[in-house]
Amino acid sequence: MKFTANIREFFGETGNLAEFTGRFFSIGIKPRFEIKELFNQCYLIGYKSLPLIALTGFIMGLVLTMQLRPSLVTYGVESQLPVMVGIAIVREIGPVITALIFAGKIASSIGAELGSMKVTEQIDAMEVGGTNPFKYLVATRVLATTMMLPVLTVMGDAICLFGAYIGVNIRSVTSFHLFFTQVFHSLSFGDLLPAFTKTFFFGFAIGIVGCYKGYNSTKGTQGVGNSANSAVVLSSVMIFLIDLLAVQFTDILGLN
Amino acid sequence: MEAVIVIEHLYKRFGANVVLNDFSLEVGKEENVVVLGKSGSGKSVLIKCIIGLLRPDSGTIKVFGENIPDLNHEELDRMRTKIGFLFQGNALYDSMTVRENLEFSLRRHWIGFSQQKIDGLVMEALENVGLPHTVEMMPAELSGGMLKRVALARTMILQPEIILYDEPTTGLDPVTAREIDNLILKLQKKYHTSSIIITHDMNCVKNTADRVALLLDGKCYAQGKYDEFERSTDQHIKQFFE
(Lines give C-alpha, C1' and ligand atoms only; values in the text may rest on other atoms or scores of the structure.)
Protein backbone atom coordinates (compact mmCIF):
# COMPACT_ATOMS: atom_id res chain seq x y z
CA MET A 1 0.00 0.00 0.00
CA LYS A 2 2.79 2.39 0.99
CA PHE A 3 4.75 1.34 -2.09
CA THR A 4 1.82 2.27 -4.35
CA ALA A 5 1.48 5.60 -2.58
CA ASN A 6 5.21 6.27 -3.09
CA ILE A 7 4.94 5.44 -6.78
CA ARG A 8 1.94 7.75 -7.12
CA GLU A 9 3.79 10.49 -5.27
CA PHE A 10 6.84 10.05 -7.51
CA PHE A 11 4.81 10.42 -10.70
CA GLY A 12 2.82 13.27 -9.21
CA GLU A 13 6.02 15.12 -8.33
CA THR A 14 7.51 14.40 -11.76
CA GLY A 15 4.36 15.78 -13.41
CA ASN A 16 4.42 18.90 -11.26
CA LEU A 17 8.08 19.51 -12.06
CA ALA A 18 7.37 19.07 -15.78
CA GLU A 19 4.46 21.52 -15.50
CA PHE A 20 6.69 24.00 -13.64
CA THR A 21 9.33 23.67 -16.38
CA GLY A 22 6.64 24.21 -19.03
CA ARG A 23 5.56 27.36 -17.19
CA PHE A 24 9.15 28.61 -17.37
CA PHE A 25 9.13 28.29 -21.16
CA SER A 26 5.61 29.66 -21.57
CA ILE A 27 5.82 32.75 -19.36
CA GLY A 28 9.27 32.91 -17.81
CA ILE A 29 11.20 33.85 -20.93
CA LYS A 30 8.76 36.30 -22.47
CA PRO A 31 8.98 40.09 -22.10
CA ARG A 32 8.97 42.02 -19.87
CA PHE A 33 12.45 40.81 -18.80
CA GLU A 34 13.83 41.43 -15.34
CA ILE A 35 17.28 42.35 -16.65
CA LYS A 36 18.56 44.05 -13.49
CA GLU A 37 17.57 41.09 -11.31
CA LEU A 38 19.07 38.69 -13.87
CA PHE A 39 22.46 40.44 -13.64
CA ASN A 40 22.16 40.50 -9.86
CA GLN A 41 21.52 36.74 -9.83
CA CYS A 42 24.39 36.12 -12.26
CA TYR A 43 26.65 37.94 -9.82
CA LEU A 44 25.34 36.06 -6.76
CA ILE A 45 25.13 32.67 -8.44
CA GLY A 46 28.16 32.86 -10.71
CA TYR A 47 30.77 35.19 -9.27
CA LYS A 48 30.11 34.25 -5.64
CA SER A 49 30.47 30.54 -6.45
CA LEU A 50 33.86 30.96 -8.12
CA PRO A 51 36.07 30.62 -4.99
CA LEU A 52 34.42 27.32 -4.03
CA ILE A 53 34.59 25.96 -7.57
CA ALA A 54 38.23 27.06 -7.84
CA LEU A 55 39.24 25.45 -4.55
CA THR A 56 37.52 22.12 -5.22
CA GLY A 57 38.74 22.11 -8.84
CA PHE A 58 42.34 22.67 -7.78
CA ILE A 59 42.21 19.91 -5.16
CA MET A 60 40.48 17.56 -7.60
CA GLY A 61 43.17 18.05 -10.26
CA LEU A 62 45.95 17.59 -7.74
CA VAL A 63 44.48 14.47 -6.12
CA LEU A 64 43.49 12.88 -9.43
CA THR A 65 47.04 13.22 -10.75
CA MET A 66 48.60 11.84 -7.58
CA GLN A 67 46.19 8.88 -7.58
CA LEU A 68 46.75 8.07 -11.27
CA ARG A 69 50.54 8.23 -11.25
CA PRO A 70 51.30 4.86 -9.52
CA SER A 71 49.16 2.92 -12.02
CA LEU A 72 50.76 4.65 -14.99
CA VAL A 73 54.23 4.08 -13.55
CA THR A 74 53.41 0.36 -13.28
CA TYR A 75 52.60 0.22 -16.99
CA GLY A 76 55.52 2.47 -17.91
CA VAL A 77 53.37 5.22 -19.40
CA GLU A 78 54.00 7.91 -16.82
CA SER A 79 54.68 10.38 -19.64
CA GLN A 80 51.02 10.05 -20.65
CA LEU A 81 49.83 11.41 -17.29
CA PRO A 82 48.95 14.93 -18.64
CA VAL A 83 47.03 13.37 -21.52
CA MET A 84 44.96 11.08 -19.29
CA VAL A 85 44.31 13.74 -16.69
CA GLY A 86 43.43 16.31 -19.35
CA ILE A 87 40.87 14.10 -21.07
CA ALA A 88 39.36 12.94 -17.79
CA ILE A 89 39.02 16.48 -16.48
CA VAL A 90 37.67 18.15 -19.61
CA ARG A 91 35.30 15.37 -20.70
CA GLU A 92 33.81 14.23 -17.41
CA ILE A 93 35.29 15.17 -14.07
CA GLY A 94 35.34 18.93 -14.58
CA PRO A 95 31.72 19.36 -15.71
CA VAL A 96 30.24 16.82 -13.29
CA ILE A 97 32.19 17.81 -10.18
CA THR A 98 31.62 21.52 -10.88
CA ALA A 99 27.90 20.87 -11.36
CA LEU A 100 27.67 18.84 -8.15
CA ILE A 101 29.48 21.49 -6.10
CA PHE A 102 27.32 24.14 -7.76
CA ALA A 103 24.16 22.15 -6.98
CA GLY A 104 25.20 21.82 -3.33
CA LYS A 105 25.72 25.54 -3.01
CA ILE A 106 23.11 27.04 -5.32
CA ALA A 107 20.16 24.60 -5.39
CA SER A 108 20.02 24.59 -1.58
CA SER A 109 20.33 28.36 -1.44
CA ILE A 110 17.58 28.93 -4.03
CA GLY A 111 15.35 26.29 -2.39
CA ALA A 112 15.76 27.86 1.05
CA GLU A 113 15.42 31.45 -0.17
CA LEU A 114 12.27 30.90 -2.22
CA GLY A 115 10.88 28.53 0.41
CA SER A 116 11.33 31.16 3.08
CA MET A 117 9.72 33.78 0.83
CA LYS A 118 6.82 31.43 0.18
CA VAL A 119 6.03 30.66 3.82
CA THR A 120 6.33 34.33 4.86
CA GLU A 121 3.96 35.36 2.03
CA GLN A 122 6.63 37.49 0.32
CA ILE A 123 5.83 35.80 -3.00
CA ASP A 124 2.14 36.64 -2.55
CA ALA A 125 3.12 40.21 -1.64
CA MET A 126 5.10 40.47 -4.86
CA GLU A 127 2.11 39.27 -6.88
CA VAL A 128 -0.25 41.65 -5.08
CA GLY A 129 2.23 44.46 -5.79
CA GLY A 130 1.85 43.80 -9.52
CA THR A 131 5.13 41.95 -10.08
CA ASN A 132 4.98 38.51 -11.64
CA PRO A 133 6.94 36.48 -9.05
CA PHE A 134 7.57 33.67 -11.51
CA LYS A 135 9.36 36.02 -13.87
CA TYR A 136 11.16 37.94 -11.13
CA LEU A 137 12.22 35.03 -8.92
CA VAL A 138 12.17 31.87 -11.02
CA ALA A 139 13.05 32.96 -14.56
CA THR A 140 16.01 35.09 -13.43
CA ARG A 141 17.47 32.35 -11.24
CA VAL A 142 17.03 29.59 -13.82
CA LEU A 143 18.58 31.73 -16.56
CA ALA A 144 21.44 32.70 -14.24
CA THR A 145 22.27 29.09 -13.32
CA THR A 146 21.99 28.04 -16.99
CA MET A 147 24.38 30.78 -18.13
CA MET A 148 26.80 30.74 -15.19
CA LEU A 149 27.50 27.01 -14.83
CA PRO A 150 29.21 26.70 -18.26
CA VAL A 151 31.40 29.71 -17.42
CA LEU A 152 32.25 28.26 -14.02
CA THR A 153 32.97 24.88 -15.62
CA VAL A 154 35.47 26.41 -18.05
CA MET A 155 37.17 28.21 -15.17
CA GLY A 156 36.95 25.12 -12.97
CA ASP A 157 38.52 22.99 -15.72
CA ALA A 158 41.38 25.45 -16.09
CA ILE A 159 42.07 25.52 -12.35
CA CYS A 160 41.68 21.73 -12.14
CA LEU A 161 44.29 21.35 -14.91
CA PHE A 162 46.57 23.73 -13.05
CA GLY A 163 46.13 21.51 -9.96
CA ALA A 164 47.03 18.52 -12.16
CA TYR A 165 50.16 20.35 -13.36
CA ILE A 166 51.22 20.89 -9.73
CA GLY A 167 50.43 17.20 -9.07
CA VAL A 168 52.64 16.08 -11.95
CA ASN A 169 55.49 18.22 -10.65
CA ILE A 170 55.41 16.76 -7.16
CA ARG A 171 57.24 13.62 -8.27
CA SER A 172 58.81 14.75 -11.53
CA VAL A 173 59.66 17.90 -13.40
CA THR A 174 57.44 18.93 -16.31
CA SER A 175 57.38 22.43 -17.70
CA PHE A 176 54.15 24.38 -17.74
CA HIS A 177 54.39 24.70 -21.51
CA LEU A 178 54.99 20.97 -22.07
CA PHE A 179 52.19 19.92 -19.73
CA PHE A 180 49.58 22.10 -21.41
CA THR A 181 50.86 21.30 -24.91
CA GLN A 182 50.37 17.60 -24.15
CA VAL A 183 46.90 18.26 -22.68
CA PHE A 184 45.64 20.34 -25.60
CA HIS A 185 47.13 18.08 -28.27
CA SER A 186 45.18 15.19 -26.80
CA LEU A 187 41.87 17.04 -26.83
CA SER A 188 39.65 17.34 -29.89
CA PHE A 189 36.51 19.25 -30.75
CA GLY A 190 34.52 16.09 -29.97
CA ASP A 191 35.86 16.19 -26.41
CA LEU A 192 35.10 19.82 -25.75
CA LEU A 193 31.72 20.38 -27.37
CA PRO A 194 29.60 17.68 -25.62
CA ALA A 195 31.28 18.40 -22.28
CA PHE A 196 30.58 22.11 -22.60
CA THR A 197 27.05 21.68 -23.98
CA LYS A 198 25.87 19.42 -21.18
CA THR A 199 26.78 22.04 -18.58
CA PHE A 200 23.94 24.25 -19.88
CA PHE A 201 21.54 21.39 -19.15
CA PHE A 202 23.13 20.80 -15.73
CA GLY A 203 22.72 24.50 -14.92
CA PHE A 204 19.13 24.54 -16.10
CA ALA A 205 18.29 21.43 -14.05
CA ILE A 206 19.87 22.89 -10.90
CA GLY A 207 18.00 26.18 -11.31
CA ILE A 208 14.62 24.70 -12.13
CA VAL A 209 14.77 22.08 -9.35
CA GLY A 210 15.90 24.65 -6.74
CA CYS A 211 13.14 27.05 -7.77
CA TYR A 212 10.50 24.32 -7.97
CA LYS A 213 11.28 23.04 -4.51
CA GLY A 214 11.39 26.53 -2.99
CA TYR A 215 8.35 27.86 -4.83
CA ASN A 216 6.24 24.92 -3.64
CA SER A 217 7.54 24.92 -0.10
CA THR A 218 5.01 24.27 2.68
CA LYS A 219 4.75 23.59 6.40
CA GLY A 220 6.72 26.52 7.82
CA THR A 221 10.39 26.37 8.72
CA GLN A 222 10.48 22.57 8.49
CA GLY A 223 9.19 22.84 4.94
CA VAL A 224 11.92 25.35 4.07
CA GLY A 225 14.58 22.93 5.36
CA ASN A 226 13.04 20.09 3.39
CA SER A 227 12.93 22.23 0.25
CA ALA A 228 16.63 23.09 0.52
CA ASN A 229 17.57 19.50 1.23
CA SER A 230 15.46 17.90 -1.50
CA ALA A 231 16.59 20.56 -4.01
CA VAL A 232 20.20 19.40 -3.56
CA VAL A 233 19.35 15.70 -3.68
CA LEU A 234 17.08 15.94 -6.73
CA SER A 235 19.36 18.27 -8.69
CA SER A 236 22.36 15.99 -8.00
CA VAL A 237 20.39 12.99 -9.29
CA MET A 238 19.33 15.04 -12.32
CA ILE A 239 22.99 15.84 -13.07
CA PHE A 240 23.83 12.14 -13.26
CA LEU A 241 20.75 11.38 -15.35
CA ILE A 242 21.58 14.17 -17.80
CA ASP A 243 25.19 12.97 -17.90
CA LEU A 244 23.99 9.46 -18.72
CA LEU A 245 21.74 10.74 -21.50
CA ALA A 246 24.52 13.00 -22.81
CA VAL A 247 26.99 10.14 -23.09
CA GLN A 248 24.41 8.02 -24.94
CA PHE A 249 23.63 10.90 -27.25
CA THR A 250 27.27 11.68 -28.04
CA ASP A 251 27.83 7.97 -28.61
CA ILE A 252 25.06 7.95 -31.22
CA LEU A 253 26.61 11.02 -32.86
CA GLY A 254 30.01 9.31 -32.87
CA LEU A 255 31.62 11.92 -30.67
CA ASN A 256 32.87 9.47 -27.99
CA MET B 1 -23.73 54.75 -0.88
CA GLU B 2 -21.87 53.73 -4.05
CA ALA B 3 -20.53 50.15 -3.71
CA VAL B 4 -16.88 49.60 -4.69
CA ILE B 5 -16.83 45.89 -3.84
CA VAL B 6 -19.81 43.62 -4.48
CA ILE B 7 -19.41 39.96 -3.57
CA GLU B 8 -22.26 37.65 -4.52
CA HIS B 9 -22.80 33.95 -3.87
CA LEU B 10 -19.12 33.17 -3.37
CA TYR B 11 -18.10 29.53 -2.98
CA LYS B 12 -14.62 28.24 -2.21
CA ARG B 13 -13.61 24.81 -1.01
CA PHE B 14 -10.30 23.02 -0.42
CA GLY B 15 -10.96 19.33 -0.99
CA ALA B 16 -13.82 18.36 1.27
CA ASN B 17 -13.45 21.50 3.39
CA VAL B 18 -16.03 24.08 2.31
CA VAL B 19 -14.61 27.46 3.38
CA LEU B 20 -16.92 29.95 1.68
CA ASN B 21 -20.47 28.79 1.15
CA ASP B 22 -22.71 31.33 -0.64
CA PHE B 23 -20.97 34.36 0.88
CA SER B 24 -22.26 37.78 -0.14
CA LEU B 25 -21.12 41.26 0.97
CA GLU B 26 -20.99 44.84 -0.28
CA VAL B 27 -18.48 47.53 0.64
CA GLY B 28 -19.32 51.16 0.02
CA LYS B 29 -17.01 53.99 -1.02
CA GLU B 30 -14.90 55.25 1.91
CA GLU B 31 -16.43 52.60 4.16
CA ASN B 32 -14.56 50.40 6.63
CA VAL B 33 -16.12 46.95 6.80
CA VAL B 34 -14.73 44.61 9.42
CA VAL B 35 -15.18 40.91 8.71
CA LEU B 36 -15.30 39.14 12.02
CA GLY B 37 -14.91 35.42 12.41
CA LYS B 38 -13.19 32.68 14.35
CA SER B 39 -9.75 31.43 13.35
CA GLY B 40 -10.03 29.14 10.34
CA SER B 41 -13.45 30.47 9.37
CA GLY B 42 -12.20 31.58 5.93
CA LYS B 43 -11.63 35.30 6.48
CA SER B 44 -8.17 35.31 4.88
CA VAL B 45 -9.44 33.11 2.03
CA LEU B 46 -12.13 35.73 1.38
CA ILE B 47 -9.71 38.63 0.93
CA LYS B 48 -7.27 36.48 -1.03
CA CYS B 49 -10.15 35.79 -3.44
CA ILE B 50 -10.83 39.52 -3.67
CA ILE B 51 -7.20 40.35 -4.55
CA GLY B 52 -7.01 37.40 -6.98
CA LEU B 53 -4.47 35.31 -5.06
CA LEU B 54 -7.08 32.54 -4.85
CA ARG B 55 -9.70 31.71 -7.45
CA PRO B 56 -13.21 31.10 -6.12
CA ASP B 57 -15.07 27.98 -7.23
CA SER B 58 -18.09 30.07 -8.19
CA GLY B 59 -19.72 33.43 -7.51
CA THR B 60 -18.75 36.97 -8.43
CA ILE B 61 -16.40 39.51 -6.86
CA LYS B 62 -16.97 42.84 -8.57
CA VAL B 63 -14.44 45.54 -7.78
CA PHE B 64 -15.24 48.88 -9.44
CA GLY B 65 -17.65 46.88 -11.59
CA GLU B 66 -15.07 44.36 -12.88
CA ASN B 67 -15.41 40.69 -11.92
CA ILE B 68 -12.03 39.66 -10.45
CA PRO B 69 -12.16 35.93 -11.43
CA ASP B 70 -12.75 36.95 -15.08
CA LEU B 71 -9.67 39.20 -15.32
CA ASN B 72 -6.53 38.06 -17.13
CA HIS B 73 -3.03 38.63 -15.73
CA GLU B 74 -2.57 42.12 -17.19
CA GLU B 75 -6.03 43.26 -16.14
CA LEU B 76 -5.48 41.84 -12.66
CA ASP B 77 -2.13 43.65 -12.34
CA ARG B 78 -3.83 46.89 -13.36
CA MET B 79 -6.64 46.30 -10.87
CA ARG B 80 -4.14 45.54 -8.11
CA THR B 81 -2.77 49.07 -8.34
CA LYS B 82 -6.16 50.14 -6.98
CA ILE B 83 -6.18 47.53 -4.20
CA GLY B 84 -3.71 47.46 -1.33
CA PHE B 85 -3.19 44.36 0.79
CA LEU B 86 -1.71 44.33 4.27
CA PHE B 87 -0.51 40.82 5.08
CA GLN B 88 -0.93 39.33 8.52
CA GLY B 89 2.80 38.59 8.74
CA ASN B 90 3.70 41.88 6.97
CA ALA B 91 5.48 40.01 4.14
CA LEU B 92 8.21 42.63 3.80
CA TYR B 93 11.03 41.50 1.50
CA ASP B 94 13.65 40.63 4.09
CA SER B 95 16.59 40.89 1.70
CA MET B 96 15.75 44.53 0.93
CA THR B 97 15.94 47.73 2.97
CA VAL B 98 12.78 49.59 3.92
CA ARG B 99 13.42 52.00 1.03
CA GLU B 100 13.78 49.14 -1.47
CA ASN B 101 10.63 47.50 -0.10
CA LEU B 102 8.66 50.66 -0.73
CA GLU B 103 10.25 51.37 -4.11
CA PHE B 104 9.69 47.86 -5.43
CA SER B 105 6.07 48.23 -6.57
CA LEU B 106 6.51 51.90 -7.36
CA ARG B 107 9.22 51.27 -9.94
CA ARG B 108 7.10 48.67 -11.69
CA HIS B 109 3.89 50.64 -11.94
CA TRP B 110 5.15 54.17 -12.36
CA ILE B 111 8.05 53.56 -14.69
CA GLY B 112 8.44 57.15 -15.88
CA PHE B 113 9.05 58.56 -12.40
CA SER B 114 12.37 60.21 -11.63
CA GLN B 115 14.45 59.02 -8.68
CA GLN B 116 13.69 62.34 -6.96
CA LYS B 117 9.94 61.75 -7.30
CA ILE B 118 10.27 58.16 -6.05
CA ASP B 119 12.34 59.31 -3.06
CA GLY B 120 9.66 61.88 -2.28
CA LEU B 121 6.87 59.29 -2.37
CA VAL B 122 8.87 56.87 -0.21
CA MET B 123 9.51 59.52 2.43
CA GLU B 124 5.89 60.69 2.35
CA ALA B 125 4.68 57.11 2.89
CA LEU B 126 7.09 56.64 5.80
CA GLU B 127 6.15 60.00 7.33
CA ASN B 128 2.50 58.96 7.16
CA VAL B 129 3.30 56.04 9.47
CA GLY B 130 5.77 58.01 11.60
CA LEU B 131 8.89 56.10 10.58
CA PRO B 132 10.98 58.26 8.21
CA HIS B 133 14.17 57.35 10.12
CA THR B 134 13.88 53.66 9.22
CA VAL B 135 14.34 54.23 5.48
CA GLU B 136 17.77 52.60 5.26
CA MET B 137 17.11 49.87 7.84
CA MET B 138 16.52 46.20 7.12
CA PRO B 139 13.21 44.61 8.19
CA ALA B 140 15.09 42.38 10.65
CA GLU B 141 16.13 45.52 12.59
CA LEU B 142 12.53 46.64 13.21
CA SER B 143 10.11 45.75 16.02
CA GLY B 144 6.74 44.07 15.38
CA GLY B 145 4.82 47.36 15.49
CA MET B 146 7.35 49.10 13.23
CA LEU B 147 7.17 46.22 10.74
CA LYS B 148 3.41 46.55 10.63
CA ARG B 149 3.66 50.29 10.03
CA VAL B 150 6.27 49.88 7.28
CA ALA B 151 4.07 47.21 5.69
CA LEU B 152 1.19 49.69 5.85
CA ALA B 153 3.38 52.36 4.23
CA ARG B 154 4.23 49.90 1.44
CA THR B 155 0.54 49.11 0.99
CA MET B 156 -0.30 52.81 0.79
CA ILE B 157 2.51 53.92 -1.52
CA LEU B 158 0.59 53.21 -4.73
CA GLN B 159 -2.30 55.18 -3.19
CA PRO B 160 -4.88 52.41 -3.60
CA GLU B 161 -8.58 53.14 -3.42
CA ILE B 162 -9.32 49.94 -1.52
CA ILE B 163 -7.24 48.36 1.23
CA LEU B 164 -7.61 44.81 2.49
CA TYR B 165 -6.21 44.30 5.99
CA ASP B 166 -5.49 40.73 7.07
CA GLU B 167 -5.55 40.76 10.88
CA PRO B 168 -3.65 44.05 11.23
CA THR B 169 -3.32 43.92 15.02
CA THR B 170 -2.65 40.23 15.60
CA GLY B 171 0.44 39.62 17.69
CA LEU B 172 0.77 43.24 18.80
CA ASP B 173 0.50 44.61 22.34
CA PRO B 174 -2.69 46.62 23.10
CA VAL B 175 -0.90 49.99 22.87
CA THR B 176 0.71 49.27 19.51
CA ALA B 177 -2.53 47.67 18.28
CA ARG B 178 -4.36 50.89 19.15
CA GLU B 179 -1.70 52.89 17.25
CA ILE B 180 -2.26 50.71 14.18
CA ASP B 181 -6.04 51.19 14.48
CA ASN B 182 -5.56 54.96 14.62
CA LEU B 183 -3.20 54.82 11.66
CA ILE B 184 -5.79 52.89 9.63
CA LEU B 185 -8.38 55.59 10.38
CA LYS B 186 -5.91 58.44 9.72
CA LEU B 187 -4.88 57.05 6.34
CA GLN B 188 -8.48 56.33 5.42
CA LYS B 189 -9.42 59.95 6.10
CA LYS B 190 -6.38 61.27 4.23
CA TYR B 191 -6.67 59.11 1.11
CA HIS B 192 -10.45 58.42 1.19
CA THR B 193 -9.98 54.66 0.93
CA SER B 194 -12.50 51.87 1.37
CA SER B 195 -11.39 48.92 3.49
CA ILE B 196 -12.12 45.37 4.43
CA ILE B 197 -10.49 44.56 7.75
CA ILE B 198 -10.23 40.92 8.74
CA THR B 199 -9.88 40.41 12.45
CA HIS B 200 -11.06 38.70 15.60
CA ASP B 201 -9.65 41.48 17.80
CA MET B 202 -12.73 43.21 19.23
CA ASN B 203 -10.83 46.39 20.10
CA CYS B 204 -9.82 46.68 16.45
CA VAL B 205 -13.45 46.12 15.45
CA LYS B 206 -14.65 48.81 17.85
CA ASN B 207 -12.01 51.33 16.77
CA THR B 208 -12.15 50.93 13.02
CA ALA B 209 -15.52 49.52 11.89
CA ASP B 210 -18.18 51.50 10.10
CA ARG B 211 -19.95 48.19 9.65
CA VAL B 212 -19.29 44.68 10.94
CA ALA B 213 -19.98 41.43 9.07
CA LEU B 214 -19.80 38.07 10.81
CA LEU B 215 -18.43 35.21 8.73
CA LEU B 216 -19.84 31.93 10.02
CA ASP B 217 -20.03 28.55 8.29
CA GLY B 218 -18.84 30.18 5.06
CA LYS B 219 -21.75 32.66 4.97
CA CYS B 220 -22.19 36.28 5.93
CA TYR B 221 -24.19 35.39 9.04
CA ALA B 222 -24.95 38.92 10.21
CA GLN B 223 -24.14 42.55 9.39
CA GLY B 224 -24.59 45.75 11.34
CA LYS B 225 -23.00 48.55 13.33
CA TYR B 226 -20.63 47.70 16.18
CA ASP B 227 -23.22 48.85 18.73
CA GLU B 228 -25.85 46.59 17.21
CA PHE B 229 -23.47 43.66 17.44
CA GLU B 230 -22.63 44.53 21.05
CA ARG B 231 -26.31 44.57 22.01
CA SER B 232 -27.16 41.44 20.06
CA THR B 233 -28.56 38.46 21.93
CA ASP B 234 -27.54 36.04 19.16
CA GLN B 235 -25.37 33.30 20.63
CA HIS B 236 -22.84 33.38 17.77
CA ILE B 237 -22.36 37.14 18.01
CA LYS B 238 -22.37 37.31 21.80
CA GLN B 239 -19.43 34.92 22.11
CA PHE B 240 -17.11 37.52 20.55
CA PHE B 241 -17.91 39.96 23.37
CA GLU B 242 -17.48 37.51 26.25
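Definitions and cut-offs
- Residues numbered from 1 in each chain as written.
- Chains lettered and ligands numbered in written order.
- Predicted model: local features only at pLDDT ≥ 70, side-chain atom pairs only at ≥ 80, totals over all residues.
- Heavy atoms only, no water.
- Helix = DSSP H or I, 4+ residues; strand = E, 2+ residues; numbered from the N terminus.
- Buried < 20%, exposed > 50% of the residue type's maximum accessible area, 1.4 Å probe, protein only.
- Contact = heavy atoms within 4.5 Å.
- Areas by Shrake-Rupley, 256 points an atom, 1.4 Å probe, with all protein chains shown as cover.
- Lys, Arg positive; Asp, Glu negative; His and termini not counted.
- Charge placed at Lys NZ, Arg CZ, Asp CG, Glu CD.
- Expected span 1.5 Å × (residues − 1).
- Arc of directions from axis to C-beta.
- Phe/Tyr/Trp six-rings, centres within 6.5 Å; stacked < 30°, edge-to-face > 60°.
- Lys NZ or Arg CZ within 6 Å of the ring centre and 35° of its normal.
- Patch = residues over 30% accessible without salt bridge, like charges linked within 9 Å, V, L, I, M, F, W, Y side chains within 5 Å.
- Salt bridge = Lys/Arg side-chain N within 4 Å of Asp/Glu carboxyl O.
- Pairing = 2+ DSSP bridges.
- Axes fitted to C-alpha atoms, helices over the stretch in contact; angles between N-to-C directions.

## Here's the deal with the overall build of chain A
And then number 1: Secondary structure summary: chain A contains 9 helices and 0 strands in total.
And then number 2: In chain A, the order of α-helices and β-strands from amino to carboxyl end is α-α-α-α-α-α-α-α-α.
And then number 3: Each principal axis of the C-alpha atoms in chain A carries an extent, and together these give about 65 × 50 × 35 Å.
And then number 4: When the 256 residues of chain A are sorted by exposure, 46% land in the buried category.
And then number 5: Restricting the contact set of chain A to residue pairs at least 6 apart, pairs at least 24 apart contribute 83%.
And then number 6: About 12800 Å² of surface is accessible on chain A, with carbon and sulfur atoms providing 70% of the total.
And then number 7: One finds the centroid of the 17 positive side-chain charges in chain A at a distance of 3 Å from the centroid of its 15 negative side-chain charges.

## Looking at helix 6 (residues 174–191) of chain B
Residues and elements named next belong to chain B.
And then number 1: Under the 1.5 Å per step criterion, the end-to-end length of helix 6 is 26 Å for 18 residues, consistent within 8% with the ideal 26 Å.
And then number 2: Among the residues of helix 6, Thr176, Ala177, Ile180, Asp181, Leu183, Ile184, Leu187, Gln188 and Tyr191 are the ones counted as buried. With its buried residues spanning 160° around the axis, helix 6 presents them on a single face. Opposite the packed face of helix 6, turned more than 90 degrees from it, sit the exposed residues Pro174, Val175 and Lys189.

## Thoughts on the packing of aromatic side chains
And then number 1: One pass over the structure, following the stated rule, counts 21 aromatic pairs over all chains.
And then number 2: Measuring from centroid to centroid gives 5.2 Å for A:Phe20 and A:Phe134, while their planes differ by 65°, and the two rings are edge-to-face. You can see A:Phe20 sitting in helix 1 (residues 2–28) and its partner A:Phe134 sitting in helix 6 (residues 133–171), a full 114 residues away along the chain. Each member of the pair, A:Phe20 together with A:Phe134, is buried.
And then number 3: Look at A:Phe24 and A:Phe204: their rings are 5.5 Å apart centre to centre, the planes differ by 65°, and that puts the pair in the edge-to-face class. Placement of the pair is A:Phe24 in helix 1 and A:Phe204 in helix 8 (residues 189–215), with a sequence separation of 180 residues. Of the two residues, A:Phe24 and A:Phe204, neither departs from the other in class, the shared state being buried.
And then number 4: The rings of A:Phe58, A:Phe162, A:Tyr165, A:Phe176, A:Phe179, A:Phe180 and A:Phe184 are connected pair by pair, giving a single aromatic cluster.
And then number 5: Here the basic side chain of B:Arg154 rests over the ring of B:Tyr93, its NZ or CZ set 4.8 Å away from the ring centre.

## Digging into a nonpolar patch on the surface
And then number 1: A contiguous nonpolar patch, built from A:Phe25, A:Ile29, A:Phe33, A:Ile35 and A:Phe39 and spanning about 520 Å² of accessible area, is present on the exposed surface.
And then number 2: Here A:Phe39 lies in helix 2 (residues 35–45).

## A word on the sheet that holds strand 9 (residues 211–216) of chain B
Sheet strands pair by backbone hydrogen bonding; their relative direction is either parallel or antiparallel.
All names here are of chain B.
And then number 1: Strand order in the open sheet formed by 6 strands is 6-7-8-3-9-10, with mixed pairing between adjacent strands. Edge positions in the sheet fall to strand 6 (83–86) and strand 10 (219–224), since each has one partner strand and no second. Averaged over neighbouring strand pairs, the angle between their axes works out to 20° when direction is ignored.
And then number 2: The sheet contact formed by strand 7 (residues 162–166) and strand 8 (residues 194–199) spans 5 bridges and is parallel. Paired with Asp166 across the bridge in strand 8 is Ile198.

## A short note on the sheet that holds strand 5 (residues 66–67) of chain B
All names here are of chain B.
And then number 1: Taken in spatial order, the 4 strands line up as 2-1-4-5 in an open sheet, and their pairing is antiparallel. Of all strands in the sheet, those bounded by a partner on one side alone are strand 2 (17–28) and strand 5.
And then number 2: Summarising the sheet, strand 1 (residues 3–14) and strand 2 pair through 9 bridges and their orientation is antiparallel. If you follow Val6 over to strand 2, its bridge partner there is Glu26.
And then number 3: Sheet strands in contact with helix 1 (residues 43–51) are strand 1, strand 2 and strand 4 (58–63), and its direction is about 120° off that of strand 1.

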